[in-house]
Amino acid sequence: MQRQKSILSFLKRPETSSASKPVVLDASDEEVKGTDTPPEKVPRKIFADSRPSLFSSIKHKFSKSDSGQNTSSHSRFDLDNVSSVQSLPLKFDGPEVLCNERLVPIQPKEQNIFSASRPPGSAGDKSGSFLSALEEDDVLGPDTPGMRPLIPRLKRVQEDISNFRDKVDFSLPDNKKKAKIQQSSNVSKNVLDEDAETISKFEWLHPSRLKDAKGRKLGDPLYDKRTLYIPPDALRKMSASQRQYWDVKRQYMDVVVFFKVGKFYELYELDAEIGHKELDWKITLSGVGKCRQVGVSESGIDDAVQKLIARGYKVGRIEQLETSEQAKSRGSTSVIQRKLINVLTPATTCEGNIGPDAVHLLAIKEDGLLGNGSSIFGFAFVDCAALKFWVGSISDDASCAALGALLMQVSPKEIIYEGLGLSKDAQKALKKYNLTGSTSSQLNPTDAFGEALEVRNIIETNRYFSGSCNSWHRILDGVVHRDPALCALGGLINHLSRLMSTEVIRNGDIFSYEVYKGFLRMDGQTLVNLEIFNNNADGGQSGTLYKYLNNCITPSGKRLLRNWICHPLQDVDKINSRLAVVEDLIAHSEITLHIAQSLRQLPDLERLLGRVKSSFQSSSILLLPLIGNKLLKQRVKVFGSLIRGLRSGMQMLLPLQEHDIMTSSLSKVISLPMLSGSEGLDKSLAQFEAAIDSDFPNYQNHNVTDSEAETLSILMELFVEKATQWAQMIHAINCIDVLRSFAISAISSCGAMCKPTVLPHSKFANPSTDATCPILRLKGLWHPYALSESGGLPVPNDIYLGGDGSSYLHGTLLLTGPNMGGKSTLLRATCLAVILAQLGCYVPCETCTLSVVDIIFTRLGAADRIMTGESTFLIECTETASVLQNATPNSLVLLDELGRGTSTFDGYAIAYAVFRHLVESVNCRLMFATHYHSLTKEFAAHPRVKLQHMACCFDWTSKSTTPSQSNQKLIFLYRLASGACPESYGMQTALMAGIPSSVIKSASEAGEVMKEIVAESFKKSEQRENFSTLHEEWLKSLLSISTTSAADFDDDAFDSLYCLWHELKRSCK
């Protein structure tokens, strides 16, 4: 109570008369010990039995000496009317001085306004700090989400009062009730104004004086927002505990730093604003120093940290290294020693509710251009929860398609890169593929990841990755572009070192990562177009391939499923091995049920193993008072849960080893360590179980003694000796979970599902040989998770592309049809069938035969990107350029309405040229949907092109004022039919969209006129129905050879004639 009186006496407004006296805190006040943060408030009844008005219980604390003054007259602090400002001599005791000793009045505005302090006091005043005049300027906060505009406290109080009036029914008469509420509102307003006027701050925190550690001001291009410059004089005037805090905070201005004081954790100044805004903590000026602060007790710190991390903040904790008694034993004036023990970020947190998805921190290093104009990207990323690192490199063109694939596959929570290290195209890609809300952290321009040799020395000197199951030398030697990959790894190591996460680096496993090599290649845009992980409606998982296949039970199985979807196989033997396991699981339902029951008993084994590996050597943090005991309790729980989970997994694997399914198919997909026998993991696991039962029977909630801590350390060290085998066992369990998920998807499907027949890559020598051509045959294909208008299954269709040497089929489908007729759905269903087949899944059709696809390209939909300055047509051409540059005969290319982003003639010309190039030069499997009906005339007789359309009909029974076709209802049949569609029926679609009939009628008339005008221009295309462009090329070749003289008629001419004869022969079959 004495302490509260001191605070309230300080909160009173100084008298404006010249006879006013300075307010002096009583020197007899008791010394404030432990913490400056008041204890958490106990909920108080607003109404007693007599039901007084709002705030009446606290109104006496804020009464003013001049009671006759109008309560609203001082709602603003008017500097022009202040005759003099008296200094406030303050007397404080104790070593825990953390804050500035200046008291700064503030003039409340609609925005958060502060100003630099200026001492205006009299010359004879030497007893304390001065009140300062304020300039209107915003306080610059750390680079965090908390620097969004604050909601004024007065506005929130007024809203609360308004809500209070609506919810509470007073027993007093209405007029008295209104008077009471109005009086309470005025009192609360004056209280808030007086509270705001006593906000204090350091003058070197003002934006006009803000500098980084190198003395660079805010506007400097090299300004480092992570550091802060504090004048040496200011540091010398601080108490020891103040220096403890600011020595850390000035190096971590981008981090919300909690400072341990007694049994509380406190935030100061700019961090206090974040605590006030995000956690609704009240900012106080209590305690010594009188700076802005908020706080929370020890019991609430973990919850507060997790809330701030979930909202995108980096959070650090400065802990006490000793108790107050230990500090006093070193001397009466000794200050408790403190240290920053860790910094957690959204990308590095390992605890709390982080969900089943992997949380990745990605570092990217862009190197110089290759000879063909491509860029090289080295990358490294880490999953701190699973304690795994990956490193690799990619080469990319200006479209950054490979970089987009990396971002979609990794889905990082945070990305770090050098300040001047990424090109504009790469930065556009970071924004374009930021579908999961990842944060891009650009380093200061003066900072760099370091050279490759320097990074090697750092890894060797600090013995990083010493706990890895793989040698980091061997992993890096396998990377194509080693130096940029090593630089990216160095940047990741430096970032984690700054976050005090060296144990993660030292004990983590390191692996190489391939974006494309050896797998079905899908670039970032293809993953977006096909809605593999996120739908295009709201960015969620509903209506995606991942959602369709995700029947996994364990969190680590879900993460492995995502990795598999990103990397469909090209190896036919591996694909068939997976298909064999899925077939056996479908046939043996009892095995599938046993696996599911076992998997439901498993925790997240992968993350538990990572936590055990990262903590068994970190003993220094256990020496911290209170924190050490808490961490030991957590470690016992983690280790015990891991042992129990591994036993459940062992009970699932041992019967599978004896079953025929393991010997016939499963052993070809997973690799198990030795489980049974004297050297098997089963015996080792039994020993650890016995140790847990004897020493930590209640491992879920066990308070660890000193002797038990040593026992736990020994057990964990022995367990980690076989970490490679445990990780191999956990990976096998994850594979079984994913394969079971594939089987469940096939069993639970409501349509026809089949086991695909997958053939090897087609081999091409020259047209004269009977080489196998790429093939894709899908009978009864339907989209696996798209429902029809009636809620039933989509209409099945047959897709036949390509063939073999004995029976050549058309490799290209030129698809037409009405708007909304189902063309895009058919294209997507075809791609999904190929992906599912090469994943080792059953395919949604009656029969499926395909030769392995190496790359899938898609050009679907139309959208611009205003923020990156890219128009719809530019995006179309960029994606098409990637297709033309990288497609092979084994690729599958889907192009939907190419050329619609520009004029009709330009669009048609581009569509024609691209289509012809893919058909005659690349000769890949191609599905080309278009509304340019002249293309169907141009290529109607082409031997490699097949014309089909999505069927439709008219409802002639519908009532219409005019008999014209444009006013009739169009019925979509969603059935693939032979031949070209006569038109696109855009008028009917416009009528369905609600465009008035009068406008439709005018459009129909205008359309007929335009058809007559352009008919002559496209008249020549009608002749192509019998004489295609390919026939034209053959004729030109014959004419060229016919003009060759007998003397010049060599072997090349004979070869050309032979090839021409062979093509003519095949096309006529």
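What counts as what
Residues numbered from 1 in each chain as written. Predicted model: local features only at pLDDT ≥ 70, side-chain atom pairs only at ≥ 80, totals over all residues. Heavy atoms only, no water. Buried < 20%, exposed > 50% of the residue type's maximum accessible area, 1.4 Å probe, protein only. Helix = DSSP H or I, 4+ residues; strand = E, 2+ residues; numbered from the N terminus. Pairing = 2+ DSSP bridges. Axes fitted to C-alpha atoms, helices over the stretch in contact; angles between N-to-C directions. pLDDT = per-residue confidence, 0-100. Contact = heavy atoms within 4.5 Å. Phe/Tyr/Trp six-rings, centres within 6.5 Å; stacked < 30°, edge-to-face > 60°. Lys NZ or Arg CZ within 6 Å of the ring centre and 35° of its normal. Parallel < 35°, antiparallel > 145°, perpendicular 65-115°, else oblique. Left-handed = near helix turned anticlockwise from the far one by under 90°. Nonpolar A, V, L, I, M, F, W, Y, C, P; charged D, E, K, R; others polar. Expected span 1.5 Å × (residues − 1).

Moving on: helix α9 (residues 401–410). Of all 10 residues making up α9, 10 are buried, and the element is well covered by its neighbours. Among the residues of α9, those classed as buried are Ala-401, Ala-402, Leu-403, Gly-404, Ala-405, Leu-406, Leu-407, Met-408, Gln-409 and Val-410. Ser-411 lies just past α9 and shows a positive phi near 50°.

With that out of the way, let us pick up the sheet that holds strand β17 (residues 847–851). Spatially, four strands are ordered β13-β17-β14-β15 in an open sheet, and the strand pairing comes out mixed. At either end of the open sheet lies a strand with only one pairing partner, and these are β13 (757–759) and β15 (797–802). Within this sheet the neighbouring strands show an average axis-to-axis angle of 10°, counted without direction. Sheet analysis places strand β14 (residues 775–781) next to β15, joined by five bridges and oriented antiparallel.

Overall, the prediction assigns the protein a mean pLDDT of 77, with 70% of residues at 70 or greater. Taken element by element, the protein is modelled with least confidence in helix α1 (residues 2–11), mean pLDDT 43, and with most confidence in helix α17 (residues 555–566), mean pLDDT 96. Within the model, pLDDT remains below 50 along residues 164–173, and this stretch shows 14 contacts once partners closer than five positions in the same chain are excluded.

Positionally, Pro-756 belongs in the loop between α25 (723–747) and β13. Judged by relative accessible area, which is 4%, Pro-756 ranks as buried. Sequence spacing of Pro-756 and Leu-850 is 94 residues, and the spatial spacing of their C-alpha atoms is 7.7 Å.

This part takes up the packing of aromatic side chains. Applying the stated criterion to the full structure yields 27 aromatic pairs. When the centroid spacing of 5.0 Å and the interplanar angle of 80° are considered together, the rings of Tyr-245 and Trp-246 count as edge-to-face. The two residues Tyr-245 and Trp-246 agree in class, both being buried. Within the aromatic cluster, the residues linked to one another by ring pairs are Phe-202, Trp-204, Tyr-245, Trp-246, Phe-259 and Tyr-268. Against the face of Phe-533 rests Arg-562, its NZ or CZ located 4.0 Å from the ring centre. Above the plane of the ring of Trp-564 lies Arg-578, whose end atom (NZ or CZ) is 3.7 Å from the centre.

All right, on to the packing of helix α18 (residues 572–587) against α25 then. Packing of α18 against α25 brings their axes to within 9 Å, and their N-to-C directions diverge by 60°. Taken as axis vectors, α18 and α25 run oblique relative to one another. Along this stretch, α18 crosses α25, giving a crossing that reads as right-handed. On α25, the residues touching Arg-578, Val-581, Val-582, Leu-585 and Ile-586 of α18 are Leu-739, Arg-740, Phe-742, Ala-743, Ala-746 and Ile-747. Partitioning the contact of α18 with α25 into residue classes produces nine nonpolar, no polar and two charged.

What follows deals with the side chain of Ser-984. For Ser-984, the location among the structural elements is in the loop between β22 (969–978) and α30 (986–992). Each residue touching Ser-984, except ones within four places of it in the same chain, is listed here: Gly-817, Pro-818, Asn-819, His-931 and His-933.

Now for helix α28 (residues 904–922). An α-helical turn contains 3.6 residues, so any two residues separated by three or four positions project in the same direction. Here α28 is 19 residues long and its end C-alpha atoms lie 26 Å apart, about the 27 Å a rise of 1.5 Å per residue gives. Listed in full, the buried residues belonging to α28 are Gly-907, Tyr-908, Ala-911, Tyr-912, Val-914, Phe-915, Leu-918, Val-919 and Val-922. Immediately beyond the C-terminal end of α28, within one or two residues, lies Asn-923, with a positive phi of roughly 60°.

Time to look at the sheet that holds strand β18 (residues 855–859). Spatial ordering of the open sheet is given by β12-β18-β19-β20-β16-β21-β22, a layout of seven strands whose pairing is mixed. Since the sheet does not close on itself, it has two edges, and those belong to β12 (521–522) and β22, each with one partner. Lying on the sheet, helix α27 (residues 872–886) is in contact with β12, β18 and β19 (892–896); it crosses β18 at an angle near 155°. Across the sheet, α28 lies against β16 (812–816), β19, β20 (925–929) and β21 (945–955), angled at about 160° from β20, the strand it touches most.

On to the environment of Leu-646. Considering the arrangement of structural elements, one finds Leu-646 in helix α21 (residues 627–658). Among the residues examined, Leu-646 registers a relative accessible area of 0% and is labelled buried. On a C-alpha basis, the gap between Leu-646 and Leu-602 in space is 7.8 Å, while along the polypeptide they are 44 residues apart. Excluding its chain neighbours within four sequence positions, the residues that come into contact with Leu-646 are Leu-605, Leu-685, Phe-719, Trp-726, Met-729 and Ile-730.

Here the focus is the pairing of β18. The buried fraction of β18 is high, at five of five residues. Burial of β18 is two-sided: the residues Ile-855, Phe-857 and Arg-859 facing one way and the residues Ile-856 and Thr-858 facing the other way are all buried. Note that β12 and β18 share two bridges and pair parallel. In the strand pairing of β18, Arg-521 is matched with Ile-855. Judged from the four bridges that link them, β18 and β19 form a sheet pairing that is parallel. If you follow Ile-856 over to β19, its bridge partner there is Leu-892.

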